[in-house]
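# Structural description and commentary
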Amino acid sequence: MRYHSTRGKVRGLSFKDAVMMGLADDGGLLLPESIPTLTPGDVEALGQLAYPELAFQVFSRFVDDIPAANLKNLIERSYQSFTHPEVTPVVHQDGVYILELFHGPTLAFKDVALQFLGNLFEYLLKERGEKMNILGATSGDTGSAAIYGVRGKQNINIFILHPHGRVSPIQELQMTTVTDPNVFNLAVRGTFDDGQSIVKEAFGDLEFKSRYSLGAVNSINWARVLAQVVYYFYAYGRVRRETGCREIYFSVPTGNFGDIFAGYIAKRMGLPIRRLILATNENNILSRFVRDGDYSVGQVTETLSPSMDIQVASNFERYLFYLYQQNPDRVAQAMEDFRKQGRLEFADAERARVGEDFLALTVNKTQTVETIRDFHAATGYVLDPHTAVGVKAAKALAGGEAPVVCLATAHPAKFADAVRQAIGREPQRPASLEGIEDRPKRCEVIEAETQAVKDYLAQNAL
Ligand SMILES: *Cc1c(COP(=O)(O)O)cnc(C)c1O
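The numbering scheme is per chain: residues are counted from 1 as the chain's sequence reads. For this predicted model, a pLDDT threshold of at least 70 governs which residues receive local features, and a threshold of 80 or more governs which side-chain atom pairs are given and counted, while totals over whole chains, interfaces and linings are taken from all residues. To obtain the side-chain values, all non-hydrogen atoms of the structure were included, while hydrogens and water were left out.

In this section: the environment of G258. Helix and strand assignments come from DSSP, with helices taken as H or I runs of at least 4 residues and strands as E runs of at least 2, each series counted from the N terminus. Take G258: it is sitting in helix 11 (residues 258-269). Residue G258 is classed as buried on the basis of its relative accessible area, which comes to 9%. Sequence separation between G258 and W222 is 36 residues, and the spatial gap between their C-alpha atoms is 9.6 Å. Contacts: residue pairs with any heavy atoms within 4.5 Å of one another. Residues in contact with G258, not counting those within four places in the same chain, are Q228 and N315. Per-residue accessibility, obtained with a 1.4 Å probe over protein chains only, is compared with the maximum for each type, and a residue is labelled buried under 20%, exposed over 50%, and partly exposed between these values.

Put into structure tokens, the structure is as follows:
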């Protein structure tokens, strides 16, 4: 399988090279040259498998340059760190199916991809005799999942910037209590945007980037999307076994469009998804796009589901590539127009195609709290605020003709404040958070200056 950029100037990469490149050198995103399609019999057979075997079956349709035994080993090690024997179990509550994606080390769905990506990076670096210094900025979830993905790994150091005093206490502790020598937490005296722009400037200094072999772990890496395709097949298999359904809905709380794009790939592969329900909070550029064809940037507002407080979704370009019938010139033009004007317009035929794949809803703060409260009252089950956004959209939009699976993207204990607002008490902590306040910490406070971060990295880089 070869990989091409959505903008057409990078072509013919192997899977391994696509993973190492991350963002394509022409500014686009990498996609497989074709999407393998499965027969209904294949889909049925996949649905019978345990998670690691299913992951291997899905991966091996996209990866032909890693020997099968090695790929299997990478997958197995990646999912051993999950505390549930099923990895991503499905539970039936209040008329919907909840796909629990939060049993990894940092209690959010990003572990599903980043546990694998960390192992894959280590494998590829060893094979190539190379080293990597990962640099990233986080507003919360991605940073800790990336840190847990690479802690203790050989030939990788990781530097994660978070805004000092501006991430939730649990999110901060999940990062700063990792004391492996290859992990460097930097608390920046500034905002998330300051951290983000420092990282962009460091990557933009090509001499610095290549001298220190800077690597990124953001959601544009194809391996992250691929790892997320797996649980759509897994959930379908479980629900089909229980209900005998043929088609299924998935409701996905969406920020950067990475998770739901994995569902779109699964649909193109032949998984009988009736519609993907795209659920956003008030930062709703994507739900406006699906409902009204209005893809125009707004202001980022703070919500109860901070991991979805995003306006410009980095993975959206991948979907545009298919919407524009795989024409890279049109994608490049559209991204240029969007950069200049902050909006894109779509023809009626394109809007009709969008409607065949997606439904969408914006869910506000009040509705999020109500959903957590009502769901808890009906079932005793506690939703996290991101998952609640998806559950609300599922109940509003899924027709009764097919079951609906709601992706549960975080454990409620990560967002205890929102849960307390809804049900009057904090959710129970899972074992990984017990006593986290009392563990040793490692974190450096640093000024919000690119040079200060570059100097720190230079002193501590591999
Ligand atoms: C990252 C994240 C999301 C959004 O996922 P995208 O792939 O960015 O759309 C939703 N919920 C939680 C808890 C997250 O951490």
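Structure's up, so let's keep going.
Pairing between two strands requires that DSSP report at least two bridges joining them. The six strands lie next to each other as 3-4-14-9-10-13, forming an open sheet whose pairing is mixed. Among the strands making up the open sheet, the edge pair consists of strand 3 (90-93) and strand 13 (358-362). Neighbour-to-neighbour, the strand axes of this sheet turn through a mean angle of 25°, independent of strand direction. Taken together, the four bridges between strand 3 and strand 4 (residues 96-100) define a ladder with antiparallel strand orientation. If you follow V90 over to strand 4, its bridge partner there is L99. Only the contacting stretch of a helix is used when fitting its axis, a line to C-alpha atoms as for every element, and angles between N-to-C directions run 0 to 180 degrees. Along the sheet, helix 12 (residues 285-292) makes contact with strand 10 (273-280) and strand 13, crossing strand 13 at roughly 130°.

What follows concerns the site of the ligand. To be near a molecule or strand, a residue needs just one of its heavy atoms within 4 Å of it. In the neighbourhood of the ligand, 15 residues make up the surrounding shell, with K110, D141, G255, N256 and T409 lying closest. In protein, a polar contact means a hydrogen-donor-capable atom and an acceptor-capable atom, both N or O and within 3.5 Å, with residues adjacent in sequence counting only if both atoms are side-chain atoms; elsewhere, any N or O pair within 3.5 Å suffices. Contact between the ligand and D141: an oxygen atom at 2.7 Å from a side-chain N or O atom of the residue. G258 places a main-chain nitrogen or oxygen 3.2 Å from an oxygen atom of the ligand. With the chains in place, 97% of the 380 Å² that the ligand exposes on its own is no longer accessible. Gly falls in the polar group here, along with every residue not listed as nonpolar (Ala, Val, Leu, Ile, Met, Phe, Trp, Tyr, Cys, Pro) or charged (Asp, Glu, Lys, Arg). Grouping the constituent residues of the shell around the ligand by class yields five nonpolar, seven polar and three charged. To measure how exposed things are, a 1.4 Å probe is used in the Shrake-Rupley method; for residues, cover is taken only from the protein chains shown.

We now examine the pattern of salt bridges. For this analysis, a salt bridge means a side-chain nitrogen from Lys or Arg found within 4 Å of a carboxyl oxygen belonging to Asp or Glu. What the rule picks out here adds up to 23 salt bridges. Here E86 makes a salt bridge to R238, at a shortest N to O gap of 3.6 Å. Taken as a pair, E86 in the loop between helix 4 (68-80) and strand 3 and R238 in helix 10 (residues 222-243) lie far apart in primary sequence, 152 residues in all. We classify R238 as buried; its relative accessible area is 17%. Here D205 and K454 are joined by a salt bridge, their closest N and O atoms 2.7 Å apart. One end of the pair, D205, is in the loop between helix 8 (192-204) and helix 9 (206-211); the other, K454, is in helix 19 (residues 450-460), with 249 residues separating them in the sequence. Relative accessible area serves as the criterion here: at 14%, K454 is assigned to the buried category. A single network of salt bridges, built from pairs that share partners, joins R288, D294, R343 and E345.

Right, let's talk about the environment of V91 for a bit. Tracing the sequence through the fold places V91 in strand 3. Judged by relative accessible area, V91 falls into the partly exposed class, the value being 24%. Placed 315 residues apart in sequence, V91 and C406 show a C-alpha to C-alpha distance of 9.9 Å. With near-sequence residues (within four places) excluded, V91 lies in contact with V96, Y97, I98, E100 and Y381.

Looking now at the sheet that holds strand 7 (residues 183-189). Across the sheet, five strands lie side by side as 8-5-6-7-15; this open sheet has parallel pairing. Since the sheet does not close on itself, it has two edges, and those belong to strand 8 (214-215) and strand 15 (444-447), each with one partner. Sheet strands touched by helix 6 (residues 141-150): strand 5 (132-137), strand 6 (156-163) and strand 7. Its angle to strand 6, the strand with the most contacts, is close to 165°. The strands touched by helix 7 (residues 169-176) within the sheet are strand 6 and strand 7, with strand 6 carrying the most contacts at an inclination of about 160°.

Look at V87: it is not a glycine, yet its phi comes out positive at around 70°. Of note in the backbone geometry, L107 takes a positive phi value of approximately 65° without being a glycine. Following the sequence through the fold, L107 ends up in the loop between strand 4 and helix 5 (110-128). According to the relative accessible area criterion, L107 is buried, its value standing at 5%.

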